[in-house]
Amino acid sequence: MVPRSVRSFGLLLSLCAAGSAAALANCSAPAEEEESLSADAVIGVNNALGLSLVYDEESGKVHATLRDALDPRDRLYIRVRRGTISHESQDKLDCSELSRATPIPRRGESLGQKTLYQGPAVSRELVDLIEIYNDARWYGGHETAEMQAEVDKGPDPIVEACIVRNGKPRAKLLTNLAYAWDRGHQLARQLGLSPGQGLAPSSRMRGGLHFADTDAGLSGDGGATEDAGTTEDAGADAGAPVLREGDRYSTIDYANLCVQELGEIPFFKKLADGKYDSFDCRDAVGTNADGVSQGAIDGVENRMIPLSVDDREQTECSEGRRSERSYDCVDKCDRGMYLTASSHTGLGRSAACQPGVTVTTAKNDRGTHWVLLCRKVDNGNGESMTKTKVFNDIAIIGNNPETGKTCFFQNKENVGNDGARVVHPADVSRSSAIWPASPSSYCTGNCHAADAFVHSPWIDQAKRRDGHTIVPKMGELSDYPISDLTRPYYLINGEAQGFTVPKQLVSEEVAPCTTCHRVAGAAFAEFAEWATGTGDPYFNKITESHKSFPNAYWMPPRLDGLNAENFASSNFGKAVTHIRKCMDNNSAEGCEFADIPRR
């Protein structure tokens, strides 16, 4: 999925199987009585014809592969364009619109069990869209006018195809270019191709190509043999191929890799390979593609994070304020979000107070804990803050405490904001309605650096039915024992995706903290100060009643013998000072760092 040389010509191409003049005539000849195909057989990655789209980075073109050679009565249309993928985009794909181009007869080429049809070139502009959201400035409205202008033109590089017979679709498929790129890599690996070799046998010229007169396939030695490659199915969009770490993946295949390593994400009911129900993070129910409730899901717990002002519940914005593309709409609160106060997120260095945020958790059958956070609540539609289902920041974290393996997903900020239909990031047709084409990689280096889950007085207000925090917490759940720094923390495919995990601080001076948990990441210095009563970026937004001892002191969990006067001189206070010194200057005297265990 890493861009290389790409040509930028031609966006629409119609392909018609032809081996002779007679076959050409058959493309538009009256059809015989045809079998009726269900919508599931026509639409999506599990279509009956095995239609798949692959991007060949060597030629800079999108190709189609089919399970069998194209029927002489059928026409194949492929289009690459810029736009915005919605939940309905694939279902509403208008094949008659694609077929307005003049049909271009084209022979398919054999790839063992598949037949490949060469399609249109992809422009540099569309390739660059793959990484459009991988920029931390999207957080909190810090994007430039130029960035927003690019999104307004359409943030998604869309690839789509139809197979049509006598004006009726027999297969149609829509996804993003990044996913087609992953399919191209998969196919190249299956064929055993070397770098620089294109997918089409005619572009590789391995021996002579022999076109069959009866169909659009190839015979002879132009393609791979049926047993070439690995365990992966070279031509299938659907299914769960064995993915390996080391390749940079689209969000869809990154999600497939995460599911492969961590197990399924319990919020989403699987309907078929590459197809899932969505989830309503306000009402905590499964939803279909239209947003209609499919009922509660076993094992899923969801809470709205309380917001209070002087210990009184606050459910709406402060008078005269609204919340649109913002994390904050209440003047002051008792416990605020750390995210916006941090100097490492670029969000204004002020804590945020916002009602209506929801957090959801579930544990799957492989012991992985998943958390879904829906915040940056938007009431621009006129609904109340606790009823609106528009969330401009949607994120998922999955962590297996035994292996330490972890995955992160961040939405298309301000665009993928439909909280009634949060979709599985591996849903081939609908993933891009919420998630960017390529995973955003800016969440781990500073904030989620010590472990998968970050805790604060704000988010830990959300409790499960048994009283434990919704977000898994050390010392509360048996899966997460306290005082064990040897437990691993590993970001799945982290290096290839651009995720980073810094070293942990292990100096003797921080032992009062590290006897319970790790200390890692530049933002930890701020977190430590805000948890112990200091730090204007946080406390400037906090009510007077919660700025003083003991309300302002969240750590350590027990404050025996401590008070506002002696805290700074205590071992805990000295540890906080040491953390600040070392996070500001890793090479400062007395600062000792070590790798976080990966296995």
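Quick note: structure is the one above.
Quick caveat, the model's predicted, so the values are computed rather than measured.

1. Observations concerning the sheet that holds strand β24 (residues 490–491)
And then number 1: If you trace the six strands from one edge of the open sheet to the other, you get β17-β20-β21-β22-β23-β24, paired in mixed fashion. Every interior strand has two partners, whereas the edge strands, β17 (301–304) and β24, have only one.
And then number 2: Sheet topology note: the β17/strand β20 (residues 358–363) ladder contains four bridges and is antiparallel. By the bridge assignment for β20, glutamate 301 is matched with threonine 361.
And then number 3: Here helix α8 (residues 251–262) sits on the sheet in contact with β21 (369–377), β22 (391–399) and β23 (405–410), set at roughly 150 degrees to β23.

2. Some words on the state of the cysteines
And then number 1: For the structure on display, the rule yields six disulfides.
And then number 2: Paired through a disulfide, cysteine 95 and cysteine 162 show a sulfur-sulfur distance of 2.1 Å. With the S-S bond torsion at -80 degrees, the cross-link from cysteine 95 to cysteine 162 turns out left-handed. In this pair, cysteine 95 sits in helix α3 (residues 95–98) while cysteine 162 sits in strand β8 (residues 156–165), placing the two residues 67 residues apart along the sequence. A single burial state applies to cysteine 95 and to cysteine 162, both of which are buried.
And then number 3: Unpaired in terms of disulfides, cysteine 516 finds its nearest cysteine sulfur in cysteine 513, a separation of 8.4 Å.
And then number 4: Judged by relative accessible area, cysteine 516 falls into the partly exposed class, the value being 26%.

3. Thoughts on helix α6 (residues 177–191)
And then number 1: Between its first and last C-alpha atoms α6 spans 21 Å; for 15 residues at 1.5 Å apiece the expected length is 21 Å, and the two agree.
And then number 2: Most of α6 sits out of view: 14 of its 15 residues are buried.
And then number 3: A distance of 3.0 Å separates the backbone nitrogen of alanine 178 from a side-chain oxygen at the start of α6, and that oxygen is part of asparagine 176.
And then number 4: One or two steps after α6, the chain reaches glycine 192, where phi turns positive at roughly 70 degrees.

Conventions and cut-offs
- Residues numbered from 1 in each chain as written.
- Predicted model: local features only at pLDDT ≥ 70, side-chain atom pairs only at ≥ 80, totals over all residues.
- Heavy atoms only, no water.
- Pairing = 2+ DSSP bridges.
- Helix = DSSP H or I, 4+ residues; strand = E, 2+ residues; numbered from the N terminus.
- Contact = heavy atoms within 4.5 Å.
- Axes fitted to C-alpha atoms, helices over the stretch in contact; angles between N-to-C directions.
- Disulfide = S-S within 2.5 Å.
- Buried < 20%, exposed > 50% of the residue type's maximum accessible area, 1.4 Å probe, protein only.
- Expected span 1.5 Å × (residues − 1).
- Polar contact = N/O pair within 3.5 Å; in protein donor to acceptor, adjacent residues only side chain to side chain.

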